[in-house]
Amino acid sequence: MTDSSTPAGFVRQGWRWSGRLLTGVISLALTLLGLLAFTFTLSHLAPIDPTLQVAGDHASEATYAQVRRDLGLDQSMPVQFARYLESLAHGDMGISRITAQPVASDLMRTFPATVELATCAILLGGTLGILLALLAVWKPGSWLDNVARMVSLLGYSVPIFWLSLLGLLLFYAVLHWAGGPGRLDDLYMYTMTPRTGFVLIDTWLSGDRDMFYNAISHLWLPVTVLAMLSMAGITRLLRASMLGEMNKEYVILARSKGAGRVRVLLCHVFPNVLGTLITVLSLSYASLLEGAVLTETVFAWPGVGRYLTTALFAADTPAILGATLLIGTCFVLLNALADALTYLLDPRTR
């Protein structure tokens, strides 16, 4: 009888799970609090005066002072940060100084675009990365292995903004294979009824197949660029992990019993690197959510990355903090999900 099959075992297992959950929640809260404090401090060290942005260059001294009081800038930085945390606890992220709209509304409008772009990119990059890694380990030292290593090297070496600009020049300006910047042509942008915020879903639900194909033509190029970035990391780490497993005793034993290399690779080695695969996929996806700033800027993609870039240049503190909190939360939650999946799928981690 195992320990978990007895009442006392169930209690102990429940306490262990409760402890892990409580530790994870505390770690999440402290990480986000530190991230907000760091970003809040940096935003206040920016050389741009928010009061001057609101009041204008020709406002009187009295107006200037009144605006500072309204924005709470006449108080110390710890007090300002405490007031922001209090507002955040009530679901208020503040008003963006650029759009004059609640930051929460701006993020709800821009975040689906980033999620759509990152999700398509990780699906493509993850599939190709896993396939390349399997082919490289199947024939180590062959031309397949050399191709996998070359793809990994190019993915890490080529600047993402340069690759985006080159892709626009070749596939949009010269070959006319891509739809260009933005999510849709102007013809469809103002006729589509937004329902979910995901352009592929909204155009499909509209029933206009030309609009749907137009959305695909705008989406595939930035997705391919980001997929190359994620594919490089996935291929490199997964290849290294599987090559390390191929020299272990259980693989040698399986080969001595007559198992073919493909069977050993798929049935013995690959299940043992699932933990590594889950981790690298979650980190790649989180990196795409937070690191698609340059790609969204080049392709005029109206996502959180572009929104955050605009807010940074304008020293829009509420927008900067709101976008940072959203991206940081996604990053931490994806890491926690990866740890949980690894714990469930890999008994060696228990």
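The numbers attached to residues start from 1 for each chain and follow its sequence in the written order. Local features in this predicted model are restricted to residues of pLDDT 70 or higher, and side-chain atom pairs are both shown and tallied only at a pLDDT of 80 or more, whereas totals for entire chains, interfaces and linings draw on every residue. Side-chain metrics rest on all non-hydrogen atoms present in the structure, leaving aside hydrogens and water.

A few words on a nonpolar patch on the surface. Taken together, the side chains of Phe 161, Trp 162, Leu 165, Leu 166, Leu 169, Leu 170, Val 174, Leu 175, Trp 177 and Leu 294 present a nonpolar region at the surface, about 980 Å² in accessible area. Here the element with the most residues in the nonpolar patch is helix 7 (residues 160–174); it accounts for seven residues. Here a helix means four or more residues in a row that DSSP labels H or I, a strand means two or more in a row labelled E, and each is numbered from the N terminus. Structurally, the position occupied by Leu 170 is in helix 7. Patch membership needs two things, relative accessible area over 30% and no salt bridge, and members are linked within 9 Å if like-charged or within 5 Å if nonpolar (Val, Leu, Ile, Met, Phe, Trp, Tyr). Per-residue and other accessible areas were derived by the Shrake-Rupley procedure at a 1.4 Å probe size, with only the shown protein chains allowed to occlude residues. Here, a salt bridge means any side-chain nitrogen of Lys or Arg that lies within 4 Å of a carboxyl oxygen of Asp or Glu.

By convention, a stacked pair of Phe, Tyr or Trp rings (six-membered ring in the case of Trp) has centres within 6.5 Å and planes under 30 degrees apart, an edge-to-face pair has planes over 60 apart, and any other such pair is tilted. For the structure shown, the criterion picks out four aromatic pairs. Note on Phe 171 and Trp 177: the rings are 5.9 Å apart at their centroids and 35 degrees apart in plane angle, and the pair reads as tilted. Take Trp 177: its relative accessible area is 56%, and that puts it in the exposed class. Ring-pair connections join several aromatic residues into one group, and the members of that group are Phe 171, Trp 177 and Trp 220. Here, over-ring charges are defined by two tests on the NZ atom of lysine or the CZ atom of arginine: distance to the ring centre within 6 Å, and angle to the ring normal within 35 degrees. Positioned above the aromatic ring of Trp 138, the side-chain terminus of Lys 139 is 5.2 Å from the ring centre. For Arg 209, the ring lying beneath its charged end belongs to Trp 204, and the centroid distance is 3.8 Å. Buried means the residue's accessible area, taken with a 1.4 Å probe over protein chains only, is under 20% of the maximum for its type, while exposed means over 50%, and partly exposed covers the values in between.

With that out of the way, let us pick up the pattern of salt bridges. Close approach of charged atoms allows side chains of opposite charge to pair. Overall, the coordinates contain five salt bridges when judged by the stated rule. A salt bridge links Arg 109 to Asp 106, with the shortest nitrogen-to-oxygen separation between them at 3.3 Å. Remark: Asp 106 and Arg 109 occur in helix 5 (residues 103–138); sequence separation between them is three residues, near one turn of the helix. Take Asp 106: its relative accessible area is 2%, and that puts it in the buried class. Close ionic contact of Glu 245 with Lys 248 constitutes a salt bridge, the shortest N to O distance being 3.0 Å. Linked through salt bridges whose partners overlap, the residues forming this network are Asp 145, Arg 149 and Arg 239.

On to the environment of Val 223, then. Along the chain, Val 223 turns up in helix 10 (residues 209–246). Separated by 72 residues in the primary sequence, Val 223 and Thr 295 place their C-alpha atoms 9.4 Å from one another. Contact between two residues is taken to exist if any of their heavy atoms lie within 4.5 Å; hydrogens are not considered. Apart from residues lying up to four places away in sequence, Val 223 is in contact with Leu 117, Cys 120, Ala 121 and Leu 124.

With that settled, the discussion passes to the side chain of Ser 284. Within the fold, Ser 284 resides in helix 13 (residues 274–291). Under the relative-accessibility criterion, Ser 284 is labelled buried at 12%. Contact partners of Ser 284, with chain neighbours within four places excluded, come to Ile 122, Ser 230 and Ile 234.

UniProt positions are given in the numbering used here, feature names are shortened, and annotations may be inferred rather than shown by experiment. Here, the residues flagged by UniProt with the feature "transmembrane region" (unreviewed entry) are residues 20–42, 117–138, 150–175, 219–238, 265–286 and 319–345. What you have in residues 20–42 is 100% helix and 0% strand, and the ends, taken at the C-alpha atoms, are 33 Å apart. Taken as a whole, residues 150–175 contains 88% helix and 0% strand, while its terminal C-alpha atoms sit 26 Å from one another.

So, on to the nonpolar core. Membership of the largest hydrophobic core comes to 43 residues, with the highest contact counts inside it found for Leu 238, Met 242 and Phe 270. The element best represented in this core is helix 5, accounting for 10 residues. Excluding residues that lie within four positions of it along the chain, Phe 270 makes contacts with Ile 130, Leu 134, Leu 238, Met 242, Leu 265 and Leu 277. Here, the term nonpolar core denotes a set of buried Ala, Val, Leu, Ile, Met, Phe, Trp, Tyr and Cys residues that are joined through side-chain atoms within 4.5 Å. Listed in part, the 20 residues of the second largest apolar core include Phe 40, Leu 107, Val 304 and Ala 311.

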